[in-house]
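The residues making up each chain are set out below.
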Amino acid sequence: MKKLSLFIFFILYSGLLLAQQETDGLVYDQNTKQRIAKVYIYNTTSDTGVFSNLKGEFRLKVSVGDVLVAAVEGYFPDTLTVKDEAAILIYLKRSSTLLREVTIVARRSPEELLKERKEDYNTAYSKGDPGSLFSVGSSGAGLSIGALYSLLSREGKNARYLQEIIERDYQNDIIDYRFTPELVTALTGLRDKDLDDFMMQYRPSYYFILASNDYSLSLYIRSSYLDYRRNPNLRRLPPLEEELQSP
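Residues numbered from 1 in each chain as written. Predicted model: local features only at pLDDT ≥ 70, side-chain atom pairs only at ≥ 80, totals over all residues. Heavy atoms only, no water.

1. Examining the overall build of the protein chain
What counts here: Here a helix means four or more residues in a row that DSSP labels H or I, a strand means two or more in a row labelled E, and each is numbered from the N terminus. Type-normalised accessible area, obtained with a 1.4 Å probe on protein chains alone, sets the label of each residue: buried when under 20%, exposed when over 50%, and partly exposed for intermediate values. Contacts are assigned to residue pairs with any non-hydrogen atoms lying within 4.5 Å of each other.
On a plain count of helices and strands, the protein chain comes out with ten helices and nine strands. For the protein chain, the residues scored as buried account for 37% of the 247 residues in total. Within the protein chain, contacts between residues separated by at least 24 positions form 59% of all contacts whose residues are at least 6 apart in sequence.

Here you go:
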């Protein structure tokens, strides 16, 4: 009976391996269409993952129907169901996308966005949480095998990395909630491309936002605007392609 069970398991496992195939993929910025480097692509079906290279390229073993999660700092995580296609194309949206001025702005709080992401990626959160390393049973206290596996396994590490990305997105949401285009326009008069450029260069840190009140944030924006007027290129980062090609 044991040999029969092992034989059936081997047949099923072999079928799974045959169904999977290495597929190439590319990751793009949804707005600029530039390729994004160092994106983590996580196959939630097989618990495997890879990073995109400096050209935004990756190769991953997948099967039709597998669900992939792509995540990188500065972008919202996105999910994709694998279809029968020659290549996988992923388009990510910046978490710090700057909105044009509108008359009415309805924003969801960072806490609501964080709760939604945790619900969307609850598998990653459960696998990434090692839980208590000690368990108490009828035979006494001892090490929890499940907790040790989650702590040390590749799947647990991959899931915890995805958790870190989601937490960083939450920090970006906190910044976006207060450092808004409407506020900057009201204090500086900047609009359109100049507004986008200023907000990208002088985006405050998460810890500054936590420590500042409305008055200190307004002072920061006004003083930063004076620096921006003196030298609009002071903090401007080079395009991604130039940055990757530089020695």
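2. Thoughts on the pattern of salt bridges
Definition in use: Salt-bridge detection follows one rule: a side-chain nitrogen of Lys or Arg within 4 Å of a carboxyl oxygen of Asp or Glu.
Applying the stated criterion across every chain yields a total of seven salt bridges. Of the charged contacts in the structure, one is a salt bridge between Glu-73 and Arg-168, with a shortest N-O distance of 3.5 Å. With Glu-73 in the loop between strand 5 (67-71) and strand 6 (78-81) and Arg-168 in helix 5 (residues 154-178), this pair connects stretches of sequence that are 95 residues apart. Across the pair Arg-230 and Asp-227 runs a salt bridge whose closest N-O atoms are separated by 2.5 Å. In this pair, Arg-230 and Asp-227 both sit in helix 9 (residues 214-230), three residues apart, roughly one turn of the helix. Of the residues examined, Asp-227 reaches a relative accessible area of 28% and is grouped as partly exposed.

3. Quick look at the pairing of strand 1 (residues 21-29)
Applied cut-off: We call two strands paired when DSSP finds no fewer than two bridges between them.
Where strand 1 lies against strand 4 (residues 57-62), six bridges are found, and the strand directions are antiparallel. Bridge pairing in strand 4 places Thr-23 opposite Leu-60. With six bridges joining them, strand 1 and strand 7 (residues 87-92) adopt parallel strand pairing. Bridge assignment links Gly-25 to a residue of strand 7, and that residue is Ile-88.

4. A few points about the environment of Arg-236
When you line up the elements, Arg-236 lands in the loop between helix 9 and helix 10 (240-245). The partly exposed category is assigned to Arg-236, whose relative accessible area is 39%. With 39 residues separating them in the primary sequence, Arg-236 and Asp-197 have C-alpha atoms 8.0 Å apart.

5. Some words on the environment of Phe-179
Residue position: Phe-179 is located in the loop between helix 5 and helix 6 (181-188). Not counting chain neighbours up to four residues away, the residues in contact with Phe-179 comprise Val-184, Met-199, Tyr-202, Arg-203, Pro-204 and Ile-221.

6. A word on the sheet that holds strand 3 (residues 48-51)
Applied cut-off: The axes used here are C-alpha line fits, helices contributing only the stretch in contact, and every angle between their N-to-C directions lies in the interval 0 to 180 degrees.
With respect to topology, four strands assemble into an open sheet ordered 3-2-5-6, the strand pairing being antiparallel. Edge strands, defined here as strands with exactly one partner in the open sheet, are strand 3 and strand 6. The mean angle between the axes of side-by-side strands here comes to 20°, regardless of whether they run parallel or antiparallel. Bridge count between strand 5 and strand 6: four bridges; the pairing is antiparallel. By the bridge assignment, Val-69 is partnered in strand 6 with Thr-79.

7. Details of the packing of helix 6 against helix 7 (residues 192-201)
Selection rule: Any angle between 65 and 115 degrees counts as roughly perpendicular, while under 35 counts as roughly parallel, over 145 as roughly antiparallel, and the rest as oblique. We call Asp, Glu, Lys and Arg charged. Ala, Val, Leu, Ile, Met, Phe, Trp, Tyr, Cys and Pro are nonpolar, and the rest, Gly among them, are polar.
Where helix 6 meets helix 7, the axes come as close as 11 Å, and the angle between the chain directions of the two elements is 105°. Taken together, the axes of helix 6 and helix 7 are roughly perpendicular relative to one another. Contact residues: Pro-181, Val-184 and Thr-185 in helix 6; Leu-195, Phe-198 and Met-199 in helix 7. A breakdown of the residues in the contact of helix 6 with helix 7 according to their chemical character gives five nonpolar, one polar and no charged.

8. Brief notes about the sheet that holds strand 1
The three strands lie next to each other as 4-1-7, forming an open sheet whose pairing is mixed. Each edge of the sheet is formed by a strand with only one pairing partner; in this case those strands are strand 4 and strand 7. Between one strand axis and the next, the sheet turns by 35° as a mean value, whatever way the strands run.

9. As for the confidence of the model for the protein chain
We apply this condition: Confidence of the predictor in every single residue is expressed as pLDDT, which spans 0 to 100.
The predicted model of the protein chain has a mean per-residue pLDDT of 75, with 64% of residues at 70 or higher. Within the model, the stretch residues 6-14 combines pLDDT values under 50 with zero contacts to residues more than four positions away or in other chains. Every residue in residues 132-136 is under pLDDT 50, and counting partners more than four places away or in other chains gives 17 contacts.

10. So, the side chain of Thr-185
Heads up, the rule is: Throughout this description, a polar contact denotes any pair of N or O atoms lying within 3.5 Å of each other; where both atoms belong to protein, one of them has to be capable of donating a hydrogen while the other can accept it, and for residues adjacent in sequence the pair is counted only when both atoms sit in side chains.
Along the chain, Thr-185 falls in helix 6. From its side chain, Thr-185 meets the backbone oxygen of Leu-190 in a polar contact 2.9 Å long.

11. A closer look at helix 7
Looking at helix 7, one finds that the buried residues are Leu-195, Asp-196, Asp-197, Phe-198, Met-199 and Gln-201. Where helix 7 is buried, its residues meet helix 6 and helix 9.

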